[in-house]
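Residues per chain are reported as follows:
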Amino acid sequence: MKSVKSTFPLNAWYAAAYDVEVSHALFARTICNQKIVMYRQSTGQVAALEDACWHRLLPLSMGRLEGDEVVCGYHGLVFNGSGQCTHMPSQETINPAACVRSFPVVEKHRFVWIWPGDPALADESLVPDLHWNQDAQWAGDGKVIRVACDYRLVIDNLMDLTHETFVHGSSIGNRAVAEAPFVATHGDRTATVTRWMENIEGPPFWAGQIKQARGYEGAVDRWQIIRFEAPCTVSIDVGVAATGTGAVPPGGNQGDARQSDRSQGVNGMVLNTITPETDGSCHYFWAFARNYLIGEQRLTHQLREGVAGIFREDEHVLEAQQKAIDEHPDHTFYNLNIDAGSMWARRLIDGLIAREQPPSPIIPIRLAA
Amino acid sequence: MKSVKSTFPLNAWYAAAYDVEVSHALFARTICNQKIVMYRQSTGQVAALEDACWHRLLPLSMGRLEGDEVVCGYHGLVFNGSGQCTHMPSQETINPAACVRSFPVVEKHRFVWIWPGDPALADESLVPDLHWNQDAQWAGDGKVIRVACDYRLVIDNLMDLTHETFVHGSSIGNRAVAEAPFVATHGDRTATVTRWMENIEGPPFWAGQIKQARGYEGAVDRWQIIRFEAPCTVSIDVGVAATGTGAVPPGGNQGDARQSDRSQGVNGMVLNTITPETDGSCHYFWAFARNYLIGEQRLTHQLREGVAGIFREDEHVLEAQQKAIDEHPDHTFYNLNIDAGSMWARRLIDGLIAREQPPSPIIPIRLAA
Amino acid sequence: MKSVKSTFPLNAWYAAAYDVEVSHALFARTICNQKIVMYRQSTGQVAALEDACWHRLLPLSMGRLEGDEVVCGYHGLVFNGSGQCTHMPSQETINPAACVRSFPVVEKHRFVWIWPGDPALADESLVPDLHWNQDAQWAGDGKVIRVACDYRLVIDNLMDLTHETFVHGSSIGNRAVAEAPFVATHGDRTATVTRWMENIEGPPFWAGQIKQARGYEGAVDRWQIIRFEAPCTVSIDVGVAATGTGAVPPGGNQGDARQSDRSQGVNGMVLNTITPETDGSCHYFWAFARNYLIGEQRLTHQLREGVAGIFREDEHVLEAQQKAIDEHPDHTFYNLNIDAGSMWARRLIDGLIAREQPPSPIIPIRLAA
């Protein structure tokens, strides 16, 4: 009795698209190994259907919309936004079983979220918190890229920013990141890695931002507070402030970031949610939001493209890593200190997956007489 | 005892090439999973050999012709048109077992037909009837395209022309096709779908043809008589005539097309024979012949390219359908009314395949004492 | 108990690179299914390591050198030329098990040789003899190409030069090669095919060489002495001399080439060593060295490009052959007379492979009482 191990839970909300990607037009994307066609109905509500006609499996995304219904591009079967067939050619009566699967959809914080698991469990309150993406106090922008790797490799990447030093040395990385101590904690659905770097030279990116926003040049206190929310969302609170102005909370890494005085600094939120496309590929949605110079469109544009460039460096590494993993199917991985955050994230993901597995069968043992 | 299910019978004639494709030169094509090299001998007769040298398997099509024999391009073994080795380098005697397989060939109705099964069963009278392709009363032209799908999907497509409305709306399809009733009948090796559409507006293509040929503008009676000949040939009698001039035979769909008066109309034959290349791809040979304005070369050229454009629309749909089928290996398909013709075609194909399977073994049952 | 059959022995020296390919930079190549990164250390000695970081498998070749050590491009682990990890980020102590595999390396006759098997057996005296590649009496040059075939198909190709007639008819092949008798002999690790063609018209290539070097036009005696050294090196002594001047040793094919007087001729050595990349692809290293006109750089350049062109003809044939073999996995191959040399080479290779297999288990037979 061999069970193929899942790489992701099905009972979760996954970002399927940026809000602006879905209009009154057929839009196809694969989410969690499932081909889905999405479109925005006249009510504004997004419909998400299995992208394969009930009759002969032609992708519905190759058909066309008629009002709020999809007409298959082969034989003209029509399906409504709930997936029910409402018309068949040359037939008076419609087989009541004729339908395609529809998926629960929620739109929140600028993303269209889809629940690929049991619809009865689709609780809107479980949508991950990415409110900075739609908050008047913050300005930002983002992109979605497809990466040819297991989504969990992106999580690993984000949970350990040591790699900035080696992968992103020309922008946000420097020796200070790899050398600074950090603290990893976790809850039921979250894991957090906190790293404060006091009185350091800012890396090129942040030195530029604080100068532009505050006119400040000199040593900084820098922070990275990485918060994972299972199964695939990571928000990272980052920034620098003039050193000694209170940005580091009492207790440092062990302290409470809410007691931090960031008024002499610049603060950004790197928002990431990574949706499995297949077991070996993912859609990586990200945005960078900031709470300084929020009216400057030019800076927003520049930051979006700058961050995109940094993520391309990761993409290169992640795809090479996936290829190497595929070539070493039996490799045992060892965790270093730096892997504490990703280790917790993985455990939380594994827990969600395990909860969806059928219980192990009880195998009766026949005793020899 | 697992038996891999064949998708096509081997004991049948398959179109391997248009006559003009095969000259005194080596021409390679895969037919029914078999790599074959063809060439026209000095007698005019086409030879068809397994495309792999007996010695080291180099494709013979990489060699060259010497008279009516093929010289392998690696070590110079020579084979005649029957596949027998007639020369080996550095050897006085030739291993009598040294030969490559040769296939029965017939040339008829402008196609080179190959029989990939048991040569003893290769009966020339079984070549499908496509005589319109070589008839002084008809003018036409065609092409061969490779489609990345099981040949049976092309059969399904041709046996139900409802799809014209949705796939070919700008040329030959309109609502009338999807709405008109039809009759499906079948014989031992054939299945026929007949559909008459009386007093309708002609679709763009046919409205243009009847105007050009007869100067007629106005309502038409339209017919589609689709005739499948197992395993893979479909000839379609199509056309329109001025409405009410007798094109519809007494009894309509149930009537006999031979009692139809088409003198006020235009008539075409869409000739199709689809040869499996592999289990998942095929060579689709088609021609369009007409019995009006038969001397006009410009029209012949224009129709050939026009039909080619229509078939490209099908190709797009068929390849997407094959991909979807591959992704849903366990999908159960349901037949609608419109699938009656393809359902009969599939049954006839399945019957031919079943006849070629080894008989099921009789499994002795051991009874408990 | 299924054992996957190896296609090559592991306990052998394989050419991994031309000497000039490896400098103080990371150079990646796959040898015998093993991804390897090479670099030249400050001592001049080449290091060869498994190209996958111990921690997360990123190819080390994506990192960078720091002195004689490799820094991984993801998290900055550092490995020395023996493969031992010497630094981990954010850790005081290093896991002593943290290392990547290193391979024995020898540099000889202009090649970097790697031993992918048991390092304890890596005996430098087993490096194949290709001394002509680094000898003041000889001038030459070569290349390395990747061929998408089992390396043994290249060996087969070189051990039977009959194919020159059919594959290389415009340069070095003519009927004389295919028709001339030859003698095949073998030892423990070598197999030799000797073919003398007396008083023949020189093929285009050699007719040009002897004219240029000796001013001679006319009939020639031609020789090809092919020497295989297991598992994958073939050196071919080739040339022509004015006919009747003593180039053919007493006894002809059966005679001893050392008694040949080649003073009225031109002599070349075709040096070949073919390293498996994977089971279905190889790195083909070759050079052509000559002992005439050795100071002429223009001729060296011209010969290198000329031979490269001839080998491209082989490449085309070899890749087609590999494809055909993959399509006929159960094909039984028959040997012709011309295959005597390759048959011996294959037996020697099979012997080396067999010696590396685990001994067959003794299967206890339970007798019925």
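Residues numbered from 1 in each chain as written. Chains lettered and ligands numbered in written order. Predicted model: local features only at pLDDT ≥ 70, side-chain atom pairs only at ≥ 80, totals over all residues.

1. Quick word on the overall build of chain A
At step 1: Helix and strand content of chain A: six helices and 17 strands.
At step 2: Overall, chain A is about 80 × 75 × 35 Å in size when its C-alpha atoms are taken along their principal axes.
At step 3: Here chain A holds 369 residues, and 47% of them are scored as buried. (Helix = DSSP H or I, 4+ residues; strand = E, 2+ residues; numbered from the N terminus. Buried ≥ 20, exposed ≤ 12 C-beta atoms within 10 Å, placed from the backbone.)

2. A short note on the interface of chain A and chain C
At step 1: Contacts between chain A and chain C engage 18 residues on the former and 16 residues on the latter.
At step 2: When contributions to the side of chain A that touches chain C are tallied by element, the ones reaching two or more residues are helix H2 (163-167) and helix H5 (297-327) of chain A.
At step 3: When residues of the side of chain A that touches chain C are assigned to their parent elements, the largest contribution, five residues, is made by H5(A).
At step 4: Of the residues in the side of chain A that touches chain C, the class split is 11 nonpolar, seven polar and no charged. (Contact = placed C-beta atoms within 7 Å. Nonpolar A, V, L, I, M, F, W, Y, C, P; charged D, E, K, R; others polar.)

3. Details of helix H6 (residues 340-356) of chain C
Residues and elements named next belong to chain C.
At step 1: With 17 residues, H6 ought to run about 24 Å at 1.5 Å a step, and its terminal C-alpha atoms sit 25 Å apart, in line with that.
At step 2: Taken together, the buried positions of H6 are occupied by Ala340, Gly341, Ser342, Trp344, Ala345, Leu348 and Ile349.
At step 3: Those residues of H6 that are buried are in contact with helix H1 (151-159), strand S12 (183-186), strand S13 (190-200) and strand S14 (220-229). (Expected span 1.5 Å × (residues − 1).)

4. A short note on the interface of chain A and chain B
At step 1: At the interface, 16 residues of chain A touch 18 residues of chain B.
At step 2: By residue class, the composition of the side of chain A that touches chain B is eight nonpolar, seven polar and one charged.

5. Details of the sheet that holds strand S3 (residues 34-40) of chain A
Residue and element names in this part refer to chain A.
At step 1: Taken together, three strands build an open sheet; the order of strands is S2-S3-S4 and the sheet is antiparallel. In the strand order of this sheet, the two ends are held by strand S2 (27-31) and strand S4 (46-50), each with one partner. Going across the sheet, the axis of each strand differs from the next one's by a mean of 30°, ignoring polarity. (Pairing = 2+ DSSP bridges. Axes fitted to C-alpha atoms, helices over the stretch in contact; angles between N-to-C directions.)

6. As for the relation of the copies chain A and chain C
At step 1: Rotating chain A by 120° and moving it 0.1 Å along the rotation axis overlays it on chain C with an RMSD of 0.0 Å. Given the turn and translation reported, the copies of this chain are related as if by a three-fold rotation axis. (Least-squares fit on C-alpha atoms with pLDDT ≥ 70 in both.)

7. Overview of the sheet that holds strand S10 (residues 111-114) of chain B
All names here are of chain B.
At step 1: Strand order across the open sheet formed by three strands is S1-S10-S9, with antiparallel pairing between neighbours. Edge positions in the open sheet fall to strand S1 (14-18) and strand S9 (105-108), since each of these has one partner strand only. Direction aside, neighbouring strands of the sheet carry axes that sit 30° apart on average.
At step 2: In the sheet, S9 pairs with S10 via four bridges, with the strands oriented antiparallel. Each residue of the ladder has a partner; that of Val106, found in S10, is Trp113.

8. Re the pairing of S12(C)
At step 1: Pairing geometry for S12(C) and S13(C), over four bridges, is antiparallel. The residue of S13(C) that forms the bridge with Val183(C) is Thr194(C).

9. Let's talk about the environment of Val317(A)
At step 1: Inspection of the secondary structure assignment puts Val317(A) in helix H5.
At step 2: In sequence terms Val317(A) and Arg262(A) are 55 residues apart; their C-alpha atoms lie 33 Å from each other.
At step 3: When neighbours within four sequence positions are excluded, Val317(A) is seen to be in contact with Val167(A), Leu58(C), Gly73(C) and Tyr74(C).

10. Considerations on the pairing of strand S15 (residues 233-242) of chain B
All names here are of chain B.
At step 1: The element S15 is extensively covered by neighbouring structure, given that eight of its 10 residues are classed as buried.
At step 2: The sheet contact formed by strand S14 (residues 220-229) and S15 spans 10 bridges and is antiparallel. The residue of S15 that forms the bridge with Arg222 is Val240.
At step 3: Hairpin connection from S14 to S15: three residues lie between these consecutive antiparallel strands.
At step 4: As paired strands, S15 and strand S16 (residues 265-278) are joined by nine bridges and run antiparallel to one another. Among the inter-strand pairings, Asp237 is bridged to a residue of S16, identified as Met269.

11. Side note on the domain arrangement of chain A
Residues and elements named next belong to chain A.
At step 1: Along its sequence, chain A is organised into domain 1 (14-124) and domain 2 (137-354).
At step 2: Computed over C-alpha atoms only, the centres of domain 1 and domain 2 are separated by 35 Å.
At step 3: On the domain 2 side, the residues contacting the nine residues of domain 1 number eight residues.
At step 4: Contributions of two or more residues to the side of domain 1 that touches domain 2 are made by strand S1 (14-18) and S2. (Domains from an automatic or database assignment.)

12. Let's talk about the environment of Thr185(B)
Residue and element names in this part refer to chain B.
At step 1: Looking at where Thr185 falls in the secondary structure, it is placed in strand S12 (residues 183-186).
At step 2: The exposure class assigned to Thr185 is partly exposed, which follows from the 13 C-beta atoms found within 10 Å.
At step 3: Here the alpha-carbon distance between Thr185 and Trp344, two residues 159 residues apart in the chain, equals 8.2 Å.

13. Overview of helix H1 (residues 151-159) of chain B
Three or four residues apart is the spacing at which side chains of an α-helix point the same way, because the helix has 3.6 residues per turn.
At step 1: The buried fraction of H1(B) is high, at nine of nine residues.
At step 2: Within the span of H1(B), buried status applies to Tyr151(B), Arg152(B), Leu153(B), Val154(B), Ile155(B), Asp156(B), Asn157(B), Leu158(B) and Met159(B).

14. Comments concerning the packing of H1(C) against helix H5 (residues 297-327) of chain C
All names here are of chain C.
At step 1: Where H1 contacts H5, the two axes come as close as 10 Å, and the packing angle between them is 125°. Judged on the interaxial angle alone, H5 and H1 are oblique. The way H1 lies across H5 gives a crossing that is right-handed. Side by side, H1 and H5 meet where Leu153, Val154 and Asn157 of the first sit next to Asp314, Leu318, Gln321 and Gln322 of the second.
At step 2: Taken together, the residues of the contact of H1 with H5 break down into three nonpolar, three polar and one charged. (Parallel < 35°, antiparallel > 145°, perpendicular 65-115°, else oblique. Left-handed = near helix turned anticlockwise from the far one by under 90°.)

15. Notes on unusual backbone geometry
All names here are of chain A.
At step 1: Put simply, Ala230 and Pro231 share a cis peptide bond, and its omega is 5°.
At step 2: Note that Pro231 resides in the loop between strand S14 (220-229) and strand S15 (233-242).
At step 3: Phi at Cys32 takes a positive value of approximately 55°, unusual for a residue other than glycine.
At step 4: Relative to the helices and strands, Cys32 resides in the loop between S2 and S3.
At step 5: By the C-beta count within 10 Å, which is 24 here, Cys32 ends up buried.

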